Amino acid sequence: MSSLLSVADLHVYLGESHILQGIEFDVSEGGVTALLGRNGVGKTTTLRALMGLVDRRGRITLTGEDVTATPTHKIVRRGVGYVPEDRDVFAGLTVDENLRLAERDTDPRYELVYDLFPELKQRGKQLAGTLSGGQQQMVAIARALLNDNRLLLVDEPTKGLAPLLVAEVARVLERVAELATVLLVEQNLGVVQRVARDAVVLDTGRVVHAGPARELLADKPLVHRLLGVGHA
Amino acid sequence: MSTFVLLTITGLGLGALYFLIASGLSLIYGLMGVLNFAHGAFLTVGAYALWFTESKLPGMAVLPRFLLGALAGLVAGGVFAALVELILIRPLYKRHIEQVLVTVGLGLSTTALVVAIWGNDARTVAAPAWLGKTTTVFGAHIPNDRWILIIAAIVVLIALNAFLKRTRYGLIIRAGVENRAMVTALGIDVRRAFTLVFAIGGVAAALAGVLSGVYFSTVDPARGTSLLIFAFIVVVIGGLGSLRGTAGAAVVVGLVQQYANYYASSGLGDLSVVLLLGLVLLARPSGLSRSFA
């Protein structure tokens, strides 16, 4: 399988802290690759570094082109969508305005977005800041789906959501994975098991495991050692 | 009664002048986090472009001469502001201390340059005769230039609101004020919005320069700096980044200044504005409004 995204010797410093210490991994075209690890190991920073939202050093290749020094908006225009950890919807804008702002393609995929999240159509005039956490997550994912992206970077989409909504997000991720390659940061291993094909595990800013997600999750002692959790 | 009406309209006129300067300051800070101490220079450039253009058209009737001068002022202010953003601010993006140093330096050097070229003396601005006359309202003889100031500020407020609400760039600016990084993460080159906001702020400040030329009948090198101080007070009271708050604060500051000068003691107006600023900062440190227009 060809590599859509390739990361080599990626370093990120935040202040005095050396957050990413030369991580290396590849994301193959299609499906979901889960980026896993305990809290604070650098998963979110990895996604932010791939987006160019933090200063980084190393080599990031997207469809064979080096984008390490490319500014964020140009990375996005190469077909990368981003769903940030805290949703980052524009609270003072309406749902419609949040979506309109994300439009890049001449023919934005509103049909797909409203098919996945019919509620957003009804709440178009509502300020995004007044939505529930789950609804804000819908807006955040919808913004990334509006354009025909090749790669989606999705950061903890189930964080803080009720179990029913977690299942809903997992269903959406499965559908999204049919349309684009997804690099998913996720703590909920149930969701990972359901949607992920590959898994990359970080620990203290380094990649400590990479391989098929199913194999990783089947090895309970390994999951416990790498992620510090017992897998149900 | 007539004195109160005169003070009120004059205070609103002064507030309108402050709003024209402060609106750009507020937008620039809201979107870019830049405290632009060179904003007074945009006003100075606009005012002197008005005077310079008028001085080069001596044979022309006053009204077209004034209108051409005003147009030259607005264009000069907008272009100057855009160049300042492109050449001086953009390389210093995220370096706030350096931005302050550069903008303070530019403000001072613009004044010094104007003094070096045209001297310290105030220069007379020729305005249509109607602006020098008065209109009687409830027994008060209101100078007509006050109405022009108020109308100009209202038009600018409405135009800025329409721009922010109805255009894509307005949407980008409103979103950028909330979360600039996320705007870029949607594939938008927010730097274009930066330049546009600077240009808009420059045009509004240049309009203030043109209208201050009418209000005071002259232009002088220190005008931009002296009005900028009050514009900063207005922006802080109104809430940094809030256009509606800026408009409200400009009205309050203009009125307080006029009433204090007349009813308390002449010269107390400036002090009362500073006291008002202190009270607002103590009661609501984020200003009167944090919501963007």
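Coordinates for the structure precede this section.
So, here is what we can say about the structure in this document. Keep in mind that this is a model prediction, so the values were computed, not measured.

**Some words on the pairing of strand 2 (residues 134-137) of chain B**
All names here are of chain B. Here four bridges tie strand 2 to strand 3 (residues 140-143), and the two strands are oriented antiparallel to one another. If you follow T136 over to strand 3, its bridge partner there is H141. Between strand 2 and strand 3, which pair antiparallel in sequence order, lie two residues; one of them, F138, sits at a positive phi of approximately 45 degrees.

**Some thoughts on the environment of I9(B)**
Residue and element names in this part refer to chain B. Checked against the element boundaries, I9 lands in helix 1 (residues 2-32). Relative accessible area serves as the criterion here: at 12%, I9 is assigned to the buried category. In this structure the C-alpha to C-alpha distance between I9 and F163, which are 154 residues apart in sequence, comes to 28 Å. Those residues in contact with I9 that lie beyond four places of it in its chain are I142, R146, W147 and I150.

**Describing the packing of helix 2 (residues 39-55) of chain B against helix 9 (residues 223-238) of chain B**
Residues and elements named next belong to chain B. Two numbers describe how helix 2 lies on helix 9: the axes approach to 8 Å, and their chain directions differ by 135 degrees. Between helix 2 and helix 9, the angle falls in the class oblique. In this structure, helix 2 crosses over helix 9, and the sense of that crossing is right-handed. Side by side, helix 2 and helix 9 meet where H39, G40, L43 and T44 of the first sit next to R223, G224, L227 and L228 of the second. Residue classes in the contact of helix 2 with helix 9 are distributed as three nonpolar, four polar and one charged.

**Section: the pattern of salt bridges**
Enumeration according to the criterion identifies 18 salt bridges over all chains in this entry. Notably, a salt bridge pairs E85(A) with K159(A), separated by 3.0 Å at the nearest N-O pair. Taken as a pair, E85(A) in the loop between strand 6 (80-83) and helix 3 (95-102) and K159(A) in the loop between strand 7 (151-155) and helix 7 (163-177) lie far apart in primary sequence, 74 residues in all. Between R174(B) and E97(A) there is a salt bridge, with the nearest N and O atoms lying 3.1 Å from each other. Separated into two different chains, R174(B) in helix 6 (residues 168-178) and E97(A) in helix 3 make up a pair that spans both.

**Focus on the side chain of H73(A)**
Secondary-structure assignment places H73(A) in helix 2 (residues 72-77). With residues up to four places along the chain from it excluded, the contact list for H73(A) reads T184(B), G187(B), I188(B), D189(B) and R191(B).

**Notes on the interface of chain B and chain A**
Across the boundary between the two partners, chain B contributes 17 residues, which contact 21 residues of chain A. The largest share of the area that chain B buries against chain A comes from L171(B), M182(B) and L186(B), three residues that together contribute 33% of it. One can count one salt bridge joining chain B with chain A. In this assembly, chain B and chain A are joined by seven residue pairs in polar contact (both at pLDDT 80 or more). Those elements that place two or more of their residues in the side of chain B that touches chain A are helix 6 and helix 7 (180-184) of chain B. With six residues, helix 6 of chain B is the largest single contributor of residues to the side of chain B that touches chain A.

**Describing the packing of helix 3 of chain A against helix 6 (residues 133-145) of chain A**
All names here are of chain A. Between helix 3 and helix 6, the shortest axis-to-axis distance is 8 Å and the interhelical angle comes to 25 degrees. Here helix 3 is positioned roughly parallel relative to helix 6, judged by the angle of their axes. The two elements helix 3 and helix 6 cross, and the hand of that crossing is right-handed. Residues V95, N98, L99 and A102 of helix 3 lie in contact with helix 6, whose contacting residues are V139, A142 and R143. Partitioned by chemical class, the residues of the contact of helix 3 with helix 6 number five nonpolar, one polar and one charged.

Calculation rules
- Residues numbered from 1 in each chain as written.
- Chains lettered and ligands numbered in written order.
- Predicted model: local features only at pLDDT ≥ 70, side-chain atom pairs only at ≥ 80, totals over all residues.
- Heavy atoms only, no water.
- Pairing = 2+ DSSP bridges.
- Helix = DSSP H or I, 4+ residues; strand = E, 2+ residues; numbered from the N terminus.
- Buried < 20%, exposed > 50% of the residue type's maximum accessible area, 1.4 Å probe, protein only.
- Contact = heavy atoms within 4.5 Å.
- Axes fitted to C-alpha atoms, helices over the stretch in contact; angles between N-to-C directions.
- Parallel < 35°, antiparallel > 145°, perpendicular 65-115°, else oblique.
- Left-handed = near helix turned anticlockwise from the far one by under 90°.
- Nonpolar A, V, L, I, M, F, W, Y, C, P; charged D, E, K, R; others polar.
- Salt bridge = Lys/Arg side-chain N within 4 Å of Asp/Glu carboxyl O.
- Buried area = accessible area lost by both parts, 1.4 Å probe.
- Polar contact = N/O pair within 3.5 Å; in protein donor to acceptor, adjacent residues only side chain to side chain.

The quantities given are spatial measurements derived from coordinates; they are silent on function.
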